[in-house]
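Single-letter residue listing:
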Amino acid sequence: MKKFITGVLVGACLTLGTTALAATVKQYILTEPSYPLFVNGIEYRDSDNPILNYEGSTYIPLAKIGDLTGVDYHWNNELSRVEINTDGQGRIEGDNAASSGPSNASSPGNRELAEREAIENLNINNQVKYGPPKGLVEQGGMVFFYAYDADGNFKGQFTDEDDIVLVMSRLEKRSELPPTLSEGWISSGLLAKIYDSQVEFKNDVMVFKTNPFVLNEKEYFRFVLAPDWKTKEISKTSNDIRVKTFSYEQGITDEWVREETLEKYTNVEILGGVGPEVSPGIYKAVSYFYTKDEKGDRKLLYEITWPRRETKDDEEIQNVDGIRVKYSGSRVYYNTDDLKKLGILQSERGYSPYYNIEDLQKAGILQ
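Small disclaimer: the values here were computed from a predicted structure and weren't measured. (Residues numbered from 1 in each chain as written. Predicted model: local features only at pLDDT ≥ 70, side-chain atom pairs only at ≥ 80, totals over all residues. Heavy atoms only, no water.)

Draft legend 1. Representation of the overall build of the chain. Counting its regular elements, the chain contains eight helices and 25 strands. Each of the 367 residues in the chain was classed as buried or not, and the buried ones make up 36%. Considering only residue pairs separated by 6 or more positions, the chain has 43% of its internal contacts joining residues 24 or more positions apart. If you sum the accessible surface of the chain, you get close to 22,700 Å²; carbon and sulfur atoms cover 47% of it. (Helix = DSSP H or I, 4+ residues; strand = E, 2+ residues; numbered from the N terminus. Buried < 20%, exposed > 50% of the residue type's maximum accessible area, 1.4 Å probe, protein only. Contact = heavy atoms within 4.5 Å. Areas by Shrake-Rupley, 256 points an atom, 1.4 Å probe, with all protein chains shown as cover.)

Okay, structure coming up:
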C-alpha cells in the first residue's frame, strides 16, 4: 500500500486562506485505498490525481469533484478561498475567480491548472519560514525541549531522559524523583551542557563558565541562591529565577549491601574475629564494624556474633544481633535500613537545584 505525506489535506472539504497558511503546519499520512471509486457507474482512475484514504475517509482532489459531480466551485482570488455552490446559481458575477465548475466543464484541465496556479501563488506570497521550534514542544506523545542560548544559537533538543539525576533516581528506585524538563524545570547539568560550560558552586553561588583550560576564560552567568534554598521546595535566585530543590539520599540506597560494597563506597570496614568458645576448641565467629578517621585510626561501631550456621537456602533472611542478613552463595548481604538505625551506615543528603525554564527565558539566559 502506497503512503503519501502532505502538509495540507485537500479533499472534498477545503478552506484555504492566509490564516491557514500562517498557522502551524500539520502533517497527515494518507494511503492509496485498495477499493475502487465509481461515479455514475464509471470507475474513477487518475494516476496523477489519485483518490486517498485518511483514517477511513475518502479524499478526492477538489478539481476532480467538480468534473465528476457537476458541483460548481471556484477559487476566489480576492478573498483567497475556495467557494463551492450547490444551489445551481453558479458563481457570482464579478468574483475574481481562477476556476469554476460546470460553467467551464469543457476544459477541466485548464480549470485544474488555474486552481493549482492560484494556490501556488498564494503559498509564495505567504511563505512560512520553517526551522526548529523553541522551548517545550509536544511531539508524538513526548515533550521535547528545543534549547537556544542567549545569542539565539540552537543547542539541540532534550527530553527528560537527558537528565542524569532523573535517570539515576529511577534506576535506584528512589521514592522521590526530581522535577522534570517536561514540567518546565531544567537541571544545572543540562544547563551547563547547553552552554558547554562547567559549573563552580561555592557558598550558595553557582557560576557557569568556560573550562579553565580555555585560552579566553569567560563567565556566562551566575545564580546566587537564597540562603534557605535547600529547605524550601521552591525559592528564588537573586535575579528572580525560581528554583525547585530536589533533595535525595546520597550513598548506598539499595535495600541490601555486601561487605565489599560497604568498604568500597563508605568508610565502614568489616573485620572478622574469634568470639566466645562454645565447646572445647570450637569458637563462634564475630564480625566487627569499624570506621576510619582521616588519620586511618579505627573506631569500633558495632559487633555481631554469628550463630552456628546450618545449611540454608539462598535469600533466606535471619536476624543477627539486630541486623538482618541473607546469603547468596558464599556472600553475605546486610540490610541497609538496619545498618542506618544502628549508626553503622550514615545517611547523608544531597541537594540539586532545578531552574524554571520560563524564568530563564525571561532573563535572556535561554531563548
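Next, the rest of the story.
Draft legend 2. The arrangement of the nonpolar core in detail. By size, the foremost hydrophobic cluster in this structure holds 23 residues, and its most contacted members are Phe145, Ile186, Leu191, Ile194, Phe223, Tyr355 and Leu360. When residues of this core are traced back to their parent elements, those giving at least two are β10 (142-148), α5 (188-194), β14 (205-209), β15 (219-224) and α8 (357-362). In terms of residue count, α5 provides more of this core than any other element does, four residues in total. Setting aside anything within four residues of it in sequence, one finds Leu191 in contact with Ile186, Phe208, Phe221, Phe223, Tyr355, Leu360 and Leu366. Within the second largest apolar cluster, 17 residues are counted, among which are Val257, Val268, Tyr334 and Leu339. (Core = buried A, V, L, I, M, F, W, Y, C linked by side-chain atoms within 4.5 Å.)

Draft legend 3. Representation of empty space enclosed by the protein. The final tally for this structure, using the stated rule, is one cavity of 30 Å³ or more. For the largest cavity, the calculated volume is near 30 Å³. Every residue along the wall of the largest cavity is listed here: Asp163, Pro179, Thr180, Leu181, Trp185, Ile186, Ser187, Leu190 and Tyr354. With three residues, the top contributor of residues to the lining of the largest cavity is strand β12 (residues 185-187). (1 Å grid on protein atoms, 1.4 Å probe; cavity = no way out; pocket = protein on both sides within 12 Å on 5 of 7 lines; lining within 4 Å. Points joined across faces, edges and corners; volume = space filled by probe spheres on them.)

Draft legend 4. Highlighting a nonpolar patch on the surface. Together, Ile164, Met168 and Leu171 line one region of the surface with nonpolar side chains, adding up to about 310 Å² of accessible area. Within the element layout of this structure, Leu171 appears in helix α4 (residues 164-171). Overall, the relative accessible area of 61% leaves Leu171 in the exposed class. (Patch = residues over 30% accessible without salt bridge, like charges linked within 9 Å, V, L, I, M, F, W, Y side chains within 5 Å. Salt bridge = Lys/Arg side-chain N within 4 Å of Asp/Glu carboxyl O.)

Draft legend 5. Broad picture of the sheet that holds strand β9 (residues 135-139). Pairing in this open sheet of three strands is antiparallel, and the strands run β9-β10-β11 from one edge to the other. Only two strands of the sheet have a single neighbouring strand rather than two, namely β9 and β11 (154-158). Between one strand axis and the next, the sheet turns by 25° as a mean value, whatever way the strands run. Bridge count for β9 against β10 is five bridges, and the pairing is antiparallel. (Pairing = 2+ DSSP bridges. Axes fitted to C-alpha atoms, helices over the stretch in contact; angles between N-to-C directions.)

Draft legend 6. The arrangement of the layout of surface pockets in detail. Reported here for the second largest pocket is a volume of approximately 360 Å³. What lines the second largest pocket is a set of 22 residues, and nearest its centre among them are Gly251, Ile252, Tyr265, Thr266 and Leu345. When grouped by side-chain class, the residues that make up the lining of the second largest pocket number nine nonpolar, eight polar and five charged. (Nonpolar A, V, L, I, M, F, W, Y, C, P; charged D, E, K, R; others polar.)

Draft legend 7. Quick look at α4. Between the side-chain oxygen at the start of α4 and the backbone nitrogen of Val165 there is a gap of 3.2 Å, and the oxygen is on Asp163. Residue Lys173 follows α4 closely and has a positive phi angle near 55°. (Polar contact = N/O pair within 3.5 Å; in protein donor to acceptor, adjacent residues only side chain to side chain.)

Draft legend 8. Spotlight on the sheet that holds strand β24 (residues 331-335). Read from one edge of the open sheet, four strands run β18-β24-β23-β22, paired in antiparallel fashion. What marks the edges here is a single partner per strand, and that holds for β18 (256-258) and β22 (317-320). When strand polarity is set aside, the average angle formed by the axes of neighbouring strands in this sheet is 40°. When β22 meets strand β23 (residues 323-328), the two strands line up antiparallel, connected through four bridges. Opposite Val320, over in β23, you have Ile323 as the bridge partner.

Draft legend 9. Representation of the environment of Tyr73 in the model. With respect to the secondary-structure elements, Tyr73 resides in strand β7 (residues 72-76). Residue Tyr73 is classed as buried on the basis of its relative accessible area of 2%.

Draft legend 10. Region of the structure containing the pairing of strand β21 (residues 298-305). As judged from the seven bridges shared by strand β20 (residues 282-292) and β21, these two strands associate in the antiparallel manner. Of the residues in β21, the one forming a bridge with Thr291 is Lys299. Between the antiparallel neighbours β20 and β21 lie five residues, among them Gly296 with a positive phi of about 90°.

Draft legend 11. Spatial organisation of the environment of Leu262. Among the structural elements, Leu262 can be located in helix α6 (residues 259-265). Relative accessible area serves as the criterion here: at 0%, Leu262 is assigned to the buried category. Taking the C-alpha atoms as reference points, Leu262 and Gly251, separated by 11 residues in sequence, lie 9.9 Å from one another. If we ignore the near neighbours within four places in the chain, the residues touching Leu262 are Ile252, Val257, Val268, Ile270, Leu339 and Leu345.

Draft legend 12. Spotlight on the pattern of salt bridges. Evaluated as defined, the whole model comprises 12 salt bridges. Salt-bridge contacts for Arg45 lead to Glu43; the nearest nitrogen and oxygen are separated by 3.4 Å. The class of Arg45 is exposed, set by a relative accessible area of 67%. As a salt-bridge pair, Glu217 and Lys209 come within 2.7 Å of each other at their nearest N and O atoms. A single salt-bridge network, built from bridges that share partners, covers Glu200, Lys209 and Glu217.

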